[in-house]
Amino acid sequence: MKLSEKYRPRSLADVIGQKRITAILRGWMNSPYSACFLLQGSPGIGKTSSALAIAEELGARESYRLIPCSDFTIETARNEIKALALSPMFGTSRIKVLILEELERLSPACQQFLKVALENLPRNSLVMGTSNDTTLIDPALIQRFTVLHFGEGEEFRAAANRKVAEIWEL
């Protein structure tokens, strides 16, 4: 098993160096509603891990969908949005989760489709996008999301160093 998988956060409490973002997401989780969040920041800073941790905490571990946007087509987009609307709730989750990894890799046609589709997000749905470079995303699509910027400053470096030290002491 890869170390990145073994030590991947399983809850928001496990996400390191992103206190402001985890506080915002924790607030949302305390009273969830249909929403779109775009987690933006450098590669390897915990965007996808945070999205997966939220799915885990929501009890959607078995039902969430993680899709790399490089594999996303208009047909895939239609099917995924329809699945959000039609799929039954699984486990203890009241929210259905779709994670779109590297949103900047969407084709212009898929960006246009999602721009319209996310205006009327199906009830009890959470769409989480991740992006390393939001300049490649249509600004109108970005407006459909609450954008959370993952920092890589001193808070993140210190937390990452503590986590690495903790891992190596085991």
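Notes on the structure follow.

Each value, and the rule that gives it
Residues numbered from 1 in each chain as written. Predicted model: local features only at pLDDT ≥ 70, side-chain atom pairs only at ≥ 80, totals over all residues. Heavy atoms only, no water. Helix = DSSP H or I, 4+ residues; strand = E, 2+ residues; numbered from the N terminus. Buried < 20%, exposed > 50% of the residue type's maximum accessible area, 1.4 Å probe, protein only. Contact = heavy atoms within 4.5 Å. Areas by Shrake-Rupley, 256 points an atom, 1.4 Å probe, with all protein chains shown as cover. Core = buried A, V, L, I, M, F, W, Y, C linked by side-chain atoms within 4.5 Å. Phe/Tyr/Trp six-rings, centres within 6.5 Å; stacked < 30°, edge-to-face > 60°. Pairing = 2+ DSSP bridges. Axes fitted to C-alpha atoms, helices over the stretch in contact; angles between N-to-C directions.

A look at the overall build of the chain
- Of the regular secondary structure elements, the chain holds seven helices and five strands.
- Each helix and strand of the chain, placed in order from N terminus to C terminus, yields the pattern α-α-β-α-β-α-β-α-β-α-β-α.
- Burial status across the chain gives 43% buried among its 170 residues.
- Long-range contacts, defined here as pairs at least 24 residues apart, represent 83% of the contacts in the chain between residues at least 6 apart.
- Looking at the chain as shown, the accessible area adds up to about 9200 Å², and 52% of this sits on carbon and sulfur atoms.

Observations regarding the nonpolar core
- Residues Trp28, Phe37, Ile54, Leu58, Val97, Leu126 and Met128 are the most contacted members of the largest nonpolar core, which totals 23 residues.
- For this core, the elements supplying multiple residues, two or more each, are α2 (19–30), β1 (35–40), α3 (47–57), β3 (96–101) and β4 (125–131).
- Setting aside residues up to four positions removed in sequence, Phe37 forms contacts with Leu25, Trp28, Leu126, Val127, Met128, Gly129, Phe145, Thr146 and Leu148.

Looking at the packing of aromatic side chains
- A full pass over the atoms with the stated rule returns two aromatic pairs.
- When the ring of Trp28 is compared with that of Tyr33, the centres are 6.1 Å apart and the planes differ by 70°; the resulting orientation is edge-to-face.
- We classify Trp28 as buried; its relative accessible area is 4%.
- When the ring of Trp28 is compared with that of Phe37, the centres are 5.8 Å apart and the planes differ by 85°; the resulting orientation is edge-to-face.
- Through a chain of ring-to-ring contacts, three or more aromatic side chains come together here, namely Trp28, Tyr33 and Phe37.

Observations regarding the sheet that holds β1
- Spatial strand order, β2-β3-β4-β1-β5: five strands in an open sheet with parallel pairing. Sheet topology places β2 (65–68) and β5 (146–149) at the edges, where each strand pairs with a single neighbour. Averaged over neighbouring strand pairs, the angle between their axes works out to 20° when direction is ignored.

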